[in-house]
Amino acid sequence: MRIVVDLVRCQGYAQCCFLAPQAFKLAGEEALVYHPNPDVAQRQQILRAAAACPVQAIRTDRLEDAELTHEAESA
Ligand code: SF4
């Protein structure tokens with residue numbers, strides 16, 4: 001799966017870091033670092049983290065969907 005975090009919107013509340021610590025980490029007080037292509041085994045944790053983000057900064061896409069869309073566009 002794929003994650004995109006809007007780092008302008010992110011306020012560093014760290015809800016995502018508690019709920020999916022393998023994918024999201026705070027570096028310093030406010031800088032969020034994240035894994036853009038986490039293992040699909042972390043999917044449930046990541047979806048919970050995205051739902052819990054107070055400013056809805058986390059977008060998730062399944063990589064397979066993105067690839068299918070790309071293939072359809074280039075056909
Ligand atoms: S929960 Fe949202 S606002 Fe908080 S650190 Fe994560 S992405 Fe940023």
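Just so we're clear, the structure is a prediction, and the values are computed from it rather than from any experiment.

### Focus on helix H2 (residues 43–52)
A turn of α-helix holds 3.6 residues, and therefore any two residues three or four places apart point the same way.
Right, on to step 1. Where H2 is concerned, the buried positions are Ile46, Ala49 and Ala50. Angular distribution of buried residues about the axis of H2 spans 100 degrees; they occupy a single face of the element. The exposed residues of H2 that point more than 90 degrees off its buried face are Arg48 and Ala51.
Right, on to step 2. The secondary structure elements touched by the buried residues of H2 are strand S1 (2–5), helix H1 (15–19), strand S2 (24–27) and strand S4 (58–61).

### So, the environment of Asp6
Right, on to step 1. Relative to the elements of secondary structure, Asp6 occurs in the loop between S1 and H1.
Right, on to step 2. For Asp6, a relative accessible area of 35% translates into the label partly exposed.
Right, on to step 3. The sequence separation of Asp6 and Gln56 amounts to 50 residues, and the corresponding C-alpha distance is 8.6 Å.
Right, on to step 4. For Asp6, the side chain forms a polar contact with the main-chain nitrogen of Arg9, separated by 3.1 Å.

### Digging into the nonpolar core
Right, on to step 1. With 17 residues, the main nonpolar core has Ile3, Val5, Cys16, Phe24, Leu32, Ile46 and Ile58 as its most contacted residues.
Right, on to step 2. Breaking this core down by element, the ones donating at least two residues are S1, H1 and H2.
Right, on to step 3. A total of three residues in this core trace back to one element, the largest contributor, which is H2.
Right, on to step 4. Ignoring sequence-local partners within four residues, the contact set of Val5 consists of Cys10, Phe24, Leu32, Tyr34, Ala57 and Ile58.

Reading guide: rules and limits
Residues numbered from 1 in each chain as written. Predicted model: local features only at pLDDT ≥ 70, side-chain atom pairs only at ≥ 80, totals over all residues. Heavy atoms only, no water. Buried < 20%, exposed > 50% of the residue type's maximum accessible area, 1.4 Å probe, protein only. Helix = DSSP H or I, 4+ residues; strand = E, 2+ residues; numbered from the N terminus. Arc of directions from axis to C-beta. Contact = heavy atoms within 4.5 Å. Polar contact = N/O pair within 3.5 Å; in protein donor to acceptor, adjacent residues only side chain to side chain. Core = buried A, V, L, I, M, F, W, Y, C linked by side-chain atoms within 4.5 Å.

From the geometry alone we can't say anything about function, so treat these as descriptive.
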